[in-house]
Amino acid sequence: MTPIAQHIQEIRASLPAGVRMVAVSKFHPVEELMEAYEAGQRLFGESRQQELLAKIPQMPADTQWHFIGHLQTNKVRSLVGKVAMIESVDTERLLDLIDKESERAGVTTRVLMQVHVAREETKFGFYPEELEAYFSDRRFEQLRATHICGVMGMASNTDDMERVARDFRDIAACYQRIKEIAPDLRGFDVLSMGMSHDYPLAIEAGSNLVRIGTAIFGPREY
Ligand SMILES: *Cc1c(COP(=O)(O)O)cnc(C)c1O
């Protein structure tokens, strides 16, 4: 068994039932993605539009892709219809554009709203209050070709695991509040949080989708 296949098996065996795993393959060559594919992995995460578009035709057709990076508005059209989910919707402007381009392409795009609780590390995402206001105001009702499936978040990039656990609890609380604010939202059931070094804490806080790169593929060479 290759190391990548072994990592996938080990991580998968450690995940509770109901928790899915995105194999974050950014900066790794297609040969390595194929090793993961051969080990049964079908769901991959990429954070750069060009890299993703280059990899799609090189992988088997049943490969599913999640876009997990900051998405510039001028790149939306090229991704719509090609990805199973955009996990990183961080502004309403981006959401509205995804909706417009999806309608134009005749597809429905599944998305997660990125919530920002971490300290300085990432500047992307909605603050919890902003996101909750979006749902209280029922602005999602204007969407015609976009399905908001849940929330994605990242913890602070720190060794302080108390802080990391608190960030995950804050993200999970925001997700739960949205469910209460809009109980009629259909299929709002994805809570994406947890990466290689912190996914057990994320799962403890309620994550049902972890995004794991380094622990599968090894360090990235930027
Ligand atoms: C790169 C990345 C990951 C994976 O990080 P690892 O530490 O390599 O597991 C997860 N989520 C997002 C949004 C990323 O950009």
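Residues numbered from 1 in each chain as written. Predicted model: local features only at pLDDT ≥ 70, side-chain atom pairs only at ≥ 80, totals over all residues. Heavy atoms only, no water.

**Looking at the site of the ligand**
Around the ligand, a shell composed of Val24, Lys26, Ile68, Met154, Met195, Ser196, Arg211, Ile212, Gly213, Thr214 and Arg220 is seen. Here a nitrogen atom of the ligand sits 2.9 Å away from a polar atom, N or O, in the side chain of Arg211. Between Gly213 and the ligand, the recorded distance is 2.9 Å, taken from a backbone N or O atom to an oxygen atom. Relative to its unbound accessible surface of 390 Å², the ligand loses 91% to contact with the protein. Its residues assigned to classes, the shell around the ligand shows 5 nonpolar, 3 polar and 3 charged. (Near = heavy atom within 4 Å. Polar contact = N/O pair within 3.5 Å; in protein donor to acceptor, adjacent residues only side chain to side chain. Areas by Shrake-Rupley, 256 points an atom, 1.4 Å probe, with all protein chains shown as cover. Nonpolar A, V, L, I, M, F, W, Y, C, P; charged D, E, K, R; others polar.)

**What to know about the packing of aromatic side chains**
This structure, assessed with the given rule, holds 5 aromatic pairs. Between Phe44 and Trp65, the ring centres sit 5.9 Å apart and the planes meet at 40°, which makes this aromatic pair tilted. Note that Phe44 is positioned in strand β2 (residues 43-46) and Trp65 in strand β3 (residues 64-67), a separation of 21 residues in sequence. In this structure, Phe44 and Trp65 share a single accessibility class: buried. Considering the side-chain rings of Tyr134 and Phe135, the 5.2 Å spacing of their centres and the 85° angle between planes classify their relative orientation as edge-to-face. Members of the aromatic cluster, each reached through a chain of ring pairs, are Tyr134, Phe135, Phe140, Tyr175 and Phe188. Over the face of the ring belonging to Tyr37 we find Arg42, whose NZ or CZ atom lies 3.5 Å from the ring centre. Above the ring of Phe27, the side-chain terminus of Arg48 is found at 3.9 Å from the ring centroid. (Phe/Tyr/Trp six-rings, centres within 6.5 Å; stacked < 30°, edge-to-face > 60°. Helix = DSSP H or I, 4+ residues; strand = E, 2+ residues; numbered from the N terminus. Buried < 20%, exposed > 50% of the residue type's maximum accessible area, 1.4 Å probe, protein only. Lys NZ or Arg CZ within 6 Å of the ring centre and 35° of its normal.)

**Focus: the pairing of β3**
Along any regular strand the residues' side chains alternate between the sheet's two faces. Where β2 and β3 come together, 4 bridges link them in parallel fashion. Counterpart to Glu46 in the pairing with β3 is Phe67. You can see the chain leave β2, run along helix α3 (residues 49-55) and come back into β3, and the turn it takes is right-handed. As paired strands, β3 and strand β4 (residues 85-89) are joined by 2 bridges and run parallel to one another. Bridge pairing links Phe67 to Ile86 in β4. (Pairing = 2+ DSSP bridges. Right-handed = clockwise from strand over helix to strand, strands pointing away.)

**Examining the state of the cysteines**
Throughout the structure, instances matching the rule amount to 0 disulfides. For Cys149, which is in no disulfide, the shortest distance to another cysteine sulfur is to Cys174 and amounts to 16 Å. The buried category is assigned to Cys149, whose relative accessible area is 0%. (Disulfide = S-S within 2.5 Å.)

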